Amino acid sequence: MISTRDSLSDFTGLTPLSETTTCADPQAAYRVLRERWGQVAPVELEPGVPAWLVMGYSEILHVVRNERLFARNPSHWRLLSDGVVRQDSGLGPMMFPRDNAYFADGARHRRLRAPLDEGIAGMDQHALRRSLQATCRELIRGFAKRGEADLVTEYASVIPMLAVSSLFGISTEHGHQLRAGLIALFGSGEDSQEGNRTFERILTEVMQSHAASPAEDLTTAFLAHPNLHGSDEVVQSIVLMISAGYETTTSWIAQTIRLMLTDPRFAGRLHGGRLGVDDALDEVLFRDPPMANMPARYALADTELAGQTIRAGDALILGLGAANADARMHTDDPWLETGNRSHLAFSAGPHTCPALDPSRLITRTAVTTVLTELHDLTLAILPDEIELLPSPWTRCPASLPVRFAASDVPIVEQEVSHG
């Protein structure tokens, strides 16, 4: 049924967006919304704050490729400018304006994105992989003798934090503090803004330290980049790269390990030659992407989208997880979908994630290493007992308890085969 209401404020009894990410079967939740509203559904971001959830594959492409009609800059968000969204809202860290490329459009977006693209392009992929393998093996060595571990808190969440932090010259101690702030930030709950303040305070200190003592890292590169005008743009550009690189990669690692341990199509391939990790990586991106719902675009004029009347200033959330299951562009046969890379897990258009290659390298190395080093690896709980971190945006397991054959991991480094 398509609504004929004139404004988002006319809707009542809306589904909270967080219910689509924290439920056991998000695709079932999206199907309910589609059956009621079509490919674009009104949802509730927090009590009294509605937005449009764009679930159609082609509709998302239309939105992200049309900057003249759908802006990324939150200053166009009517509910924010009208004061409906409180300044202390938990949505703030994810949806309030920041001086970085994520929240910019047009020429300003291109100016702010260039340092990110250049920084990623300048990474030594081979050196990164060697460093990652050493990190992964060191973490595994810490729990290998126990025969049990939590592969989220002791592994999946630590690897991207260490990897991304090292690129910016951030200490391990600060990296752990950043992780706590990021969990709150992505949760968009009552502690979201406090987590963000902690996050920004640490990065401001790191920036100031590098300004006094330059080093060979991305913090120093950002400080020297002519496109970044002032300390706010430097700090917020680091915020963007670390927050995006940490949260989504943690979820990608954890969800891929979960899939490898629970899905018969992958679990049966853990023993013997090929592990099937690449297929599992793509499967997660396609059917359960790390960023299930991505904020946000804001309509610059009244328009229509999939039969819904969108008013100027309305917020639109990109339902990436829903779009990947759009019946108009994929089958329901999981075997036929294996290896499908037509997903929107990294979005599309000018704001496509710039870190596809390094994030895949980090995730693939982490998954391959743990599956290679730990023998007789099994999930210690039932698959439906896996709990998720609270967030309207991401679907990251809170923990992944496993059991395995206790052993010593050799101290000598060796390359893990990626064949």
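Shown above is the structure to which this text applies.
A short note on the overall build of the protein chain
Piece 1. Across its full length, the protein chain carries 18 helices and 10 strands.
Piece 2. In terms of overall size, the protein chain behaves like a compact globule, its C-alpha atoms giving a radius of gyration of 21 Å where 419 residues would be expected to give roughly 22 Å.
Piece 3. Along the three orthogonal principal directions, the C-alpha set of the protein chain runs to about 65 × 55 × 35 Å.
Piece 4. Counting over 419 residues, the protein chain shows a buried share of 56%.

Here we look at the pairing of strand 8 (residues 315-318)
Piece 1. With burial as the criterion, each face of strand 8 is covered, one bearing Ala315 and Ile317 and the other bearing Leu316 and Leu318.
Piece 2. Where strand 5 (residues 294-299) lies against strand 8, 3 bridges are found, and the strand directions are antiparallel. Considered in strand 8, the bridge of Arg297 is made with Leu316.

What about the sheet that holds strand 8?
Piece 1. With mixed pairing, the 5 strands of this open sheet are ordered in space as 1-2-8-5-3. In this open sheet, the two edge strands, each paired with only one partner strand, are strand 1 (40-46) and strand 3 (70-71).
Piece 2. Bridging between strand 2 (residues 49-54) and strand 8 involves 3 bridges; their strand directions are parallel. Bridge assignment links Val54 to a residue of strand 8, and that residue is Leu318.
Piece 3. Helix-sheet contacts for helix 2 (residues 26-37) involve strand 1 and strand 2, and the interaxial angle to strand 1 is about 125 degrees.
Piece 4. Its contacts with the sheet put helix 3 (residues 57-64) on strand 2, strand 3, strand 5 and strand 8, and the angle it makes with strand 8 is roughly 125 degrees.

Let's talk about the pattern of salt bridges
Piece 1. Under the criterion given, the structure shown has 21 salt bridges.
Piece 2. Of the charged contacts in the structure, one is a salt bridge between Arg360 and Asp278, with a shortest N-O distance of 3.5 Å. Of the two residues, Arg360 is situated in helix 18 (residues 356-373) and Asp278 in helix 15 (residues 277-287); the sequence distance between them amounts to 82 residues.
Piece 3. Its relative accessible area of 18% is what places Arg360 among the buried residues.

Remarks on the nonpolar core
Piece 1. Of all hydrophobic cores here, the largest spans 127 residues; its most connected members are Leu45, Trp77, Met95, Leu151, Tyr155 and Ile242.
Piece 2. Here this core gets 15 residues from one element, more than from any other, and that element is helix 13 (residues 231-262).
Piece 3. Not counting chain neighbours up to four residues away, the residues in contact with Trp77 comprise Leu45, Val49, Val85, Leu91, Met95, Phe96, Tyr298, Gly313 and Ala315.

Quick notes on the environment of Thr220
Piece 1. Within the secondary structure, Thr220 sits in helix 12 (residues 218-224).
Piece 2. On a C-alpha basis, the gap between Thr220 and Leu151 in space is 33 Å, while along the polypeptide they are 69 residues apart.
Piece 3. Residue contacts for Thr220: discarding those within four places in its chain leaves His210, Pro214 and Ala215.

Focus: the packing of helix 11 (residues 192-212) against helix 13
Piece 1. Direction vectors running N to C along helix 11 and helix 13 enclose 120 degrees, while the axes themselves pass 10 Å from each other. Between helix 11 and helix 13, the interaxial angle falls into the category oblique. Where helix 11 crosses over helix 13, the two elements pack in a sense that is right-handed. Every residue of helix 13 that contacts helix 11 at Phe199, Glu200, Leu203, Thr204 and Met207 is listed here: Ser231, Val234, Val235, Gln236, Ile238, Val239, Ile242 and Ser243.
Piece 2. Among the residues making up the contact of helix 11 with helix 13, the classes are represented as 8 nonpolar, 4 polar and 1 charged.

Remarks on helix 2
Piece 1. In this model helix 2 runs 16 Å from its N-terminal to its C-terminal C-alpha over 12 residues, within 8% of the 16 Å that 1.5 Å per residue would give.
Piece 2. Against the buried residues of helix 2 lie helix 1 (18-22), strand 1, strand 2, helix 15, strand 7 (308-310) and helix 16 (320-323).
Piece 3. Just past helix 2, the residue Gly38 takes up positive phi, approximately 100 degrees.

Details of the side chain of Thr21
Piece 1. Note that Thr21 resides in helix 1.
Piece 2. In this structure, Thr21 is in contact with Ala292, Asn293, Leu388, Ser391, Pro392, Trp393, Thr394 and Arg395, ignoring residues within four places of it in sequence.

Observations concerning helix 9 (residues 158-167)
Piece 1. Most of helix 9 is tucked away: 7 of the 10 residues are buried.
Piece 2. Buried residues of helix 9: Val158, Ile159, Pro160, Met161, Ala163, Val164 and Ser165, and no others.
Piece 3. Packed against the buried residues of helix 9 are helix 7 (125-143), helix 8 (152-156), helix 10 (172-187), helix 13 and helix 18.
Piece 4. Once helix 9 finishes, Gly169 follows within two positions and takes phi at roughly 70 degrees, a positive value.

A short note on unusual backbone geometry
Piece 1. The omega torsion across Pro295 and Ala296 is -25 degrees, close enough to zero to call that bond cis.
Piece 2. You will see that Ala306, though not glycine, has its phi angle at about 50 degrees, which is positive.
Piece 3. Checked against the element boundaries, Ala306 lands in the loop between strand 6 (303-305) and strand 7.
Piece 4. Under the relative-accessibility criterion, Ala306 is labelled partly exposed at 31%.
Piece 5. A positive phi angle, close to 65 degrees, is found at Ser347, a residue other than glycine.
Piece 6. Taking relative accessible area as the criterion, Ser347 reaches 8% and is therefore assigned buried.

Notes on the pairing of strand 2
Piece 1. Where burial is concerned, most of strand 2 is hidden: 6 out of the 6 residues are buried.
Piece 2. Of the two faces of strand 2, the one lined by Val49, Ala51 and Leu53 and the one lined by Pro50, Trp52 and Val54 are each fully buried.
Piece 3. Strand direction decides the pairing type here: strand 1 and strand 2, joined by 6 bridges, are antiparallel. Pairing of Glu44 across the sheet is with Pro50, part of strand 2.
Piece 4. In sequence, strand 1 turns back onto strand 2 through a hairpin of 2 residues, with Gly48 there showing a positive phi of about 85 degrees.

Thresholds applied
- Residues numbered from 1 in each chain as written.
- Predicted model: local features only at pLDDT ≥ 70, side-chain atom pairs only at ≥ 80, totals over all residues.
- Heavy atoms only, no water.
- Helix = DSSP H or I, 4+ residues; strand = E, 2+ residues; numbered from the N terminus.
- Rg over C-alpha atoms; globule rule 2.2 N^0.38 Å.
- Buried < 20%, exposed > 50% of the residue type's maximum accessible area, 1.4 Å probe, protein only.
- Pairing = 2+ DSSP bridges.
- Contact = heavy atoms within 4.5 Å.
- Axes fitted to C-alpha atoms, helices over the stretch in contact; angles between N-to-C directions.
- Salt bridge = Lys/Arg side-chain N within 4 Å of Asp/Glu carboxyl O.
- Core = buried A, V, L, I, M, F, W, Y, C linked by side-chain atoms within 4.5 Å.
- Parallel < 35°, antiparallel > 145°, perpendicular 65-115°, else oblique.
- Left-handed = near helix turned anticlockwise from the far one by under 90°.
- Nonpolar A, V, L, I, M, F, W, Y, C, P; charged D, E, K, R; others polar.
- Expected span 1.5 Å × (residues − 1).

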